[in-house]
Every structure is written in structure tokens, then in C-alpha cells.
Amino acid sequence: MNNKDLAKNVLDLVGGEQNISGLTHCATRLRFVLKDDNKADLKALDQLEGVLKAQNSGGQIQVVIGAKVDAVYSEVKNLTSDKIGELAESTDRGPKKRRNPINVVLETIAGIFTPVLPALVGCGMIKCLATVITAMGYLEGSGFLTIINMIGDCIFYFMPFFLAVSAANRFKTNPYLAVALAAGLMHPIILNAASQIAETGVNSIDFLGMPILLMKYSSSVIPIILAVWIMSYVYPIVNRVIPKFLQVLLTPMIVLFIMIPVELIVLGPVGSYIGDWLTNGINSLFSTAGVLAGAILGFFKPIMVMFGMHYAIMPIQVQQVATLGATVLLPTALAANLAQAGAAFGVFVLTKSKTMKSAAASSGFTALFGITEPAIYGVTLKYKRPFFAGCLAGGLVGGFYSLVHTTANAISLPGVLAIGTYTSDRYMYVVIGCIAAVVLGFVFTLMAGIKEGTEGAKQQQATDKVNDNSTAVVTEAAPESVSSQTSTSSDMLIVSPMTGEIKPISEVEDQAFAQELMGKGIAIVPTDGKVYAPFDGVVEALYRTKHAIGLKAANGVEILIHIGVDTVSLKGKYFNAHIEQGQTIKAGDLLVEFDPEGITLAGYNTITSIVVTNMQQYGDVLTTATSGPIRESEALMKLIP
């Protein structure tokens, strides 16, 4: 049964959409809050293919799915109304806190532009192809080249429509009315009149005594974002005032009657002036202090990525390309990305860890193509010196690019595949800069070196030795109870991620774990509230409530660490995560801290389940003991092929 069919069957068996008042999910299961629990057929749910367990617990109907719960949850949301989708989000957020306004703005910009990036990058790469074809002198004047250029430019001609949909989703307002606002900006009456100002001398239209300035908004960014944001407040106010039986007719009409004049009279001109001011301001900065500006941006770009601040300059880049045909900002990002790639390759040469060599090589190549997060978070930042070596190289090349007036004529991932979209005093300077960024990042890293540390090096050497034998990391000798059992060189040992008291998995007050539906494993009653990485690998899943972590070892072993029973209901309270989903981890890294006493006082059991979720790849799991104390990093389980 595929995920869509499973979602449909689950939805039917809980009583249908009309019976759902809330929906969320955790590490392993869908959690429904129903209007009438009696309408849910738990027996049928329990026997449904793809469902490991169905139960009524803690006031929720819990449908245990396992590893693919995210995918099934998405399908359920697709099959239900937006209202249920909003409930799903709101049930897992926890108490609201005062937030830094700068962070709110940055997150908003990121939330609006991230969904549009595929279209921006796609058109950018098409533009790159058109540039290469034109430079080669082929197909000049042909219909093929005309259409290719059209595809590359289309997003900029209709930018307000793209941003309207994305902004509506971000501000949680009606997307179709948002598109109507974009249509107001893009209507031929406005666009044609704006393009004929030089001929007619008419630069405004009177609306009830107020002037509507005639401006071209086809490539604008800020006006439509401001308009949709304001509409997200106007729409619910109008909807509350209008009687329910007239809302369908009157609410959209009144909202548009208010918003389109407001955006044309106030928001459009203000947004356009802000966009022009930012665009011209950046260009003036680069024209007066170009080398310094390029060097600063090239140096700080990876740091901006760390804090998510790189999205703040996305609207400026888009505005520059849309209005001026090129941006001076993207070349500095190209320099920074390639410099981090070079730094990752430097770590590849310096490190003695086979695991880190593999991570450095793969993330270095990824950075060459414009995606630096794996290189930054997984490699260079771990050793610090390579990270700043890459920053220095990026700063130098960023300054060089500014010196030779390098620009980009399309928005694309700043990597080697998109260098066709860059221009300079001489195109060879673009190529020289790319090579210099990688080489300097590499050389500076070799000069700075890496500090793996004696203790860390020993642990890493132990990791690599064990990985050579297809085993998980063991940082201390296995207890007698394990070593006395039959083993082979291909047996896999998993160490304890926490300190506490071992308990049989059957004692967990959650049938999904107690009956080993999620996989075989063991339970620990924790004593110090810290969870450490039991091996080198990747964080495959970290849930927003931070009570559950999915890890994958370098050798393919997948485990789930589920802290407590029903602790998802705490909504992250008493938990503090030190890692992010997708992050590369090393054995002994602190993953999560939690407050056992606080969780207990809140009425929840802290017993932690540690299970192997891809048991189908192994023959059996042997545990060190079914009871007794255990410390973090002591041998806990052995997987038998």
C-alpha cells in the first residue's frame, strides 16, 4: 500500500475529516484529536497494512506508522482541508515567546523566497544556457534562442505573481486574493500607461482625489510582499464584520476594493522606492569602495549562512537583476562557496579519520555546485580553522571580483555550473576567480591545520578501526556479558547513548515499543538527562519537540532514541537540542539535554527506548543485560547479521 492510500484509509477509519479537531505527529506516529473517539475503528486501524499499532492514549488516537510517518502525515494533510493543516501546526508549537524582530524579518524573507527558489534557479540556469549559446555564435536570431531567452526571463516579468503565492502561504492568508493583488499591479492599464509616460506626459491616475502613480511593477519585489502582508490583517477584520451568510459574496469584494487602491496609491510606490534605494545604494557602495565591499561580503557570506542572514540580501539580488539586468552581490557568494569547497578538500587531506575524509570529499564537491551547508556544518566549522581559512579566501576573491567588475545576470546557485551567467571586464577573470577561491581555501586550510585533539583522535581511530570491520563505534571495552557471547568480526556493537538503569523494552508503557513494533532494542531509565551520539553518523530526524532522535551510523545501522513516554505532549518543554536534522555527528557528541525531574513532576515517565529501526537487515539483537546500571559509551547492544 502506498503512502497516499494508507493516508486515505487512516483518515476514513478515524471517522473522516469532519471528526478531526486536531492532528500532529511525532517520531513514530500520527496523533489525532477527535471530536468523537467512538467513531474511530481502532481494531481496523490496528490491522491496516502499513500501521504498526493503533491505540487511544493520552486523549489521542495514536496511529503508529514508523519511519515513514512524515510522508504519511503529508499525505493526510493533502487529503484534508487547510483548517486541519493549521491545527496540525498549531498543536505542536508550545507557548509563544517574544522574538527578536530582526530574526522575524529574516525568517519571513526566507519563508517567502525559499519556495520561489526553484523557479529562480531554473530560469537562471536556462539564462546561463542562452548566454553560452549566444557567446558561441550559434543559432543567433533563431526562434529556438528567442524561446530560451524568454524562459530565462519569464520569472522576472511576472515576479509579483510568484511572490504573491509564497507570501500568502507565509502570512496565512487567501492565496487567490493575493494573486489578485499581483494582477492589480500587473494590469495592462497600469503597465501600458507607465511605459507611455514619456509620450503622454501623464504620470498618474486620479482615484477619488488621490493620485495613483504610474509605475512598472513587473519586476518588483517589495510592493507585493507589503500588500499581501497588510491583506493578512485586513481580510480577517472584514470577515468578522460581514454576516456569515454574506461572507462568500462580500468579503473578497471589500478586501479587493480596499487593498488594490491602497497598494497602488501607497504600498506600490513606497515599495518601489525602497527597492530602488537599496539597489542603487548597493551599486554606489560597490562603485566607491568596491574591493572592500566585495571582500567583506565574500568573507562574511558563510557566517551569514550560519545565521540564516543570507536570505536578507535575496530581495536586493532579485531587484538588481530585474531592474538593472545584473547583480554585484552574487559573485561574492560564488567566491565564498568555492572557498569553503577548497577548505573542505583541505580537511580531506589533513584528517586521519576515514569517516571525516568521506564527509569532507562529498561536501566539498557539493559546495562546488553552490550548496555549502554540508561543508560548513559537517566539516569546516567542526575544526573552526578551516572555516575561517575559507572565509579569508572568499574575502580575497570577493574583493578581486569587485575590482574587475564581476556581475551575475541571473539568480542561480552560486557554483561552477552557473559561471556562464557571470560577466567581468574579461570573462577569464571569472574563471581565474573560481580557481583562486578553491585553491586559496585549500592552501589556507593546509597552513592553518586542524586540531583533532588527543582524546578525539583516539576515539576517531577506534571508530575507523571498528568501521573497517563493519561495526558501530565502541569507546570502551565491552562488558563480559557481551564478550562472552558468540561473535564474529562482522558483529556490530552499539554503545549506550546515556547513563542510567537498563530495563527490558517490554517494560516501556507504550505498546509500539514494548511489543517491538518499532524494532528490537532496550530501554534505559536515565539519571543525568544527557543523550550522546553512540556512533559516527548523521541525524536523520530531530522532531520539533526534541524528545526523539533518529540516527544513522556510517555503516548503515539506524536507531531511534525516544525519550520518555508520550513526552511529545510537553511540546519541547524540558528539552534542549544541541544538533539539527541532517547534521553529521561524531561518537560522544552531546545531542540532547533534558530535565528528568521536570518531566517526572509534569507527570511523564522518562524511560527511554533505544531501538534498531532497520532490523530487517540484521538477524538479531543481543543486549548486554536486561537490568542493572550502565554508563554512557558502555556497550549496550550487539547486532548479529
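Residues numbered from 1 in each chain as written. Predicted model: local features only at pLDDT ≥ 70, side-chain atom pairs only at ≥ 80, totals over all residues. Heavy atoms only, no water.

Caption draft 1: Seen up close, the pairing of strand β13 (residues 537–542). Summarising the sheet, β13 and strand β14 (residues 548–553) pair through 5 bridges and their orientation is antiparallel. What sits directly across from Ala541, in β14, is Gly550. In this antiparallel pair of consecutive strands, β13 and β14, the connection spans 5 residues, and Lys546 shows a positive phi of 65°. Of the pairings in the sheet, the one linking β13 to strand β17 (residues 584–585) comprises 2 bridges and is antiparallel in character. Its bridge partner lying in β17, Gly537 is registered against Ile585. (Pairing = 2+ DSSP bridges. Helix = DSSP H or I, 4+ residues; strand = E, 2+ residues; numbered from the N terminus.)

Caption draft 2: Geometry of the confidence of the model for the protein chain. Per-residue pLDDT for the protein chain has a mean of 81; in total, 86% of the residues score no lower than 70. Within the protein chain, helix α21 (residues 480–483) has the poorest average pLDDT of any element, 37, and helix α19 (residues 427–448) the best, 95. A low-confidence stretch, residues 85–97 (pLDDT under 50), is modelled with 19 contacts involving residues beyond four sequence positions or located in other chains. Contacts for the low-pLDDT stretch residues 454–490, under 50 throughout, to residues beyond four places or in other chains number 67 contacts. (pLDDT = per-residue confidence, 0-100. Contact = heavy atoms within 4.5 Å.)

Caption draft 3: Here's a closer look at the packing of helix α6 (residues 117–136) against helix α7 (residues 143–157). Axis separation between α6 and α7 bottoms out at 8 Å; the angle between their running directions is 150°. Here α7 runs roughly antiparallel to α6, going by the angle between their axes. By crossing handedness, the relation of α6 to α7 is classed as left-handed. Residues Ala119, Leu120, Cys123, Ile126, Lys127, Ala130, Ile133 and Thr134 of α6 pack against Phe144, Leu145, Ile148, Asn149, Ile151, Gly152, Asp153, Cys154, Ile155 and Phe156 of α7. A breakdown of the residues in the contact of α6 with α7 according to their chemical character gives 13 nonpolar, 3 polar and 2 charged. (Axes fitted to C-alpha atoms, helices over the stretch in contact; angles between N-to-C directions. Parallel < 35°, antiparallel > 145°, perpendicular 65-115°, else oblique. Left-handed = near helix turned anticlockwise from the far one by under 90°. Nonpolar A, V, L, I, M, F, W, Y, C, P; charged D, E, K, R; others polar.)

Caption draft 4: Structural detail: the pattern of salt bridges. Per the stated rule, a full pass over the model turns up 3 salt bridges. Taking the shortest distance from any N to any O, the salt bridge between Lys8 and Asp12 comes out at 3.5 Å. Of this pair, Lys8 and Asp12 both sit in helix α1 (residues 3–13), 4 residues apart, which is roughly one turn of that helix. Since its relative accessible area comes to 46%, Asp12 is described here as partly exposed. The partner of Arg31 in a salt bridge is Asp566, with the nearest N and O atoms 3.6 Å apart. Highlighted residues: Arg31 in strand β2 (residues 29–34) and Asp566 in the loop between β15 (558–562) and β16 (575–577), separated in sequence by 535 residues. Look at Arg31 and you get buried, because its relative accessible area is 1%. Given a relative accessible area of 14%, Asp566 falls into the buried group. (Salt bridge = Lys/Arg side-chain N within 4 Å of Asp/Glu carboxyl O. Buried < 20%, exposed > 50% of the residue type's maximum accessible area, 1.4 Å probe, protein only.)

Caption draft 5: Molecular detail of the sheet that holds strand β19 (residues 608–612). Taken together, 8 strands build an open sheet; the order of strands is β17-β13-β14-β15-β19-β11-β10-β21 and the sheet is antiparallel. At either margin of the open sheet sits one strand with a lone partner, and together these are β17 and β21 (628–630). In the sheet, strand β10 (residues 500–503) pairs with strand β11 (residues 521–526) via 4 bridges, with the strands oriented antiparallel. In the strand pairing of β11, Lys503 is matched with Ala523.

Caption draft 6: Spotlight on the nonpolar core. Ranked by size, the top nonpolar core spans 43 residues in total, and within it Phe113, Phe156, Leu163, Ile224 and Val318 carry the most contacts. Counting residues per element, this core draws most heavily on helix α12 (residues 222–241), which supplies 7 residues. Residues contacting Phe113, with those up to four places away along its chain left out, are Leu163, Ser166, Val221, Ile225, Met314, Pro315 and Val318. (Core = buried A, V, L, I, M, F, W, Y, C linked by side-chain atoms within 4.5 Å.)

Caption draft 7: Quick peek at the packing of aromatic side chains. This structure, assessed with the given rule, holds 8 aromatic pairs. Over the ring of Phe348 we find Lys357; its NZ or CZ atom is 4.9 Å from the centre of that ring. (Phe/Tyr/Trp six-rings, centres within 6.5 Å; stacked < 30°, edge-to-face > 60°. Lys NZ or Arg CZ within 6 Å of the ring centre and 35° of its normal.)

Caption draft 8: Expanded view of the pairing of strand β4 (residues 60–64). Counting buried residues along β4, 5 of its 5 residues qualify, which places the element largely inside the surrounding structure. Here 4 bridges tie β2 to β4, and the two strands are oriented antiparallel to one another. Residue pairing across strands places Arg31 opposite Gln62, the latter belonging to β4.

Caption draft 9: Here's a closer look at helix α15 (residues 330–350). The first and last C-alpha atoms of α15 sit 31 Å apart over 21 residues, in line with the 30 Å expected at 1.5 Å per residue. Most of α15 sits inside the fold, with 18 of its 21 residues counted as buried. (Expected span 1.5 Å × (residues − 1).)

Caption draft 10: Spotlight on the packing of helix α9 (residues 175–186) against α12. Relative to each other, α9 and α12 sit at 135°, their axes nearing to 10 Å. Viewed along their axes, α9 and α12 adopt a mutual orientation that is oblique. For the crossing formed where α9 meets α12, the hand is right-handed. Residues Leu177, Ala178, Leu181, Ala182 and Leu185 of α9 touch α12, and the partners they reach there are Pro223, Ile224, Ala227, Val228, Met231 and Tyr235. Partitioning the contact of α9 with α12 into residue classes produces 11 nonpolar, no polar and no charged.

Caption draft 11: The sheet that holds β16, seen in detail. Strand order in the open sheet made by the 3 strands is β12-β18-β16, with antiparallel pairing throughout. Two strands lie at the open edges of the sheet, namely β12 (530–532) and β16, each paired on one side alone. On average, each strand axis in the sheet is tilted by 15° relative to the strand beside it, whichever way the strands run.

Caption draft 12: Structural view of the state of the cysteines. Counted under the stated rule, the structure contains 0 disulfides. For Cys123, which is in no disulfide, the shortest distance to another cysteine sulfur is to Cys154 and amounts to 3.8 Å. Residue class for Cys154 comes out partly exposed when judged on its relative accessible area of 27%. (Disulfide = S-S within 2.5 Å.)

Caption draft 13: Seen up close, helix α18 (residues 385–403). Between its terminal C-alpha atoms α18 stretches 27 Å, which fits the 27 Å expected from 19 residues at 1.5 Å a residue. Once α18 finishes, His405 follows within two positions and takes phi at roughly 60°, a positive value.

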